[in-house]
Amino acid sequence: MLKKFLRCVHPDDFYKLASISRNIQTLEHFHIQYRIYKANRSIIWVEEIGSITANAEGKKIIDGVIFDVTEKNSA
């Protein structure tokens with residue numbers, strides 16, 4: 001599923017998602033905006049806000065939301 005999602009991310013914005021790996025290690029919140037391709041190959045802007053926690057076994061859990069902010073970024 002992750003591979004399928006990554007194929008949707010605009011190539012110029014991969015670095016933004018890569019920055020989340022630091023947050024995963026430090027269990028910090030994240031807040032980023034990036035572009036993705038929709039099924040029809042049009043591009044939209046999304047805003048992702050989330051947090052990272054670890055369960056008792058140390059497994060990292062990502063919890064968050066993604067919003068379409070295309071209109072906001074076009075204004």
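As shown above, the structure is provided for reference.
Residues numbered from 1 in each chain as written. Predicted model: local features only at pLDDT ≥ 70, side-chain atom pairs only at ≥ 80, totals over all residues. Heavy atoms only, no water.

A. How the structure looks around the overall build of the protein. Along its length, the protein carries four helices and three strands. Scanning the protein from its N terminus toward the C terminus, one meets helices and strands in the order α-α-α-β-β-β-α. C-alpha extents for the protein along the principal axes are approximately 40 × 25 × 20 Å. Within the protein, the fraction of its 75 residues that count as buried is 29%. Taking the contacts inside the protein whose residues are at least 6 apart along the sequence as the reference set, 32% of them involve residues at least 24 apart. (Helix = DSSP H or I, 4+ residues; strand = E, 2+ residues; numbered from the N terminus. Buried < 20%, exposed > 50% of the residue type's maximum accessible area, 1.4 Å probe, protein only. Contact = heavy atoms within 4.5 Å.)

B. Geometry of the pattern of salt bridges. Scanning the model with the defined rule gives three salt bridges in all. Ionic pairing is found between Asp13 and Lys16, a salt bridge with its closest N-O pair at 3.8 Å. Considered together, Asp13 and Lys16 belong to a single accessibility category, that of buried residues. Three or more residues joined by partner-sharing salt bridges are found here, namely Asp13, Lys16 and Arg35. (Salt bridge = Lys/Arg side-chain N within 4 Å of Asp/Glu carboxyl O.)

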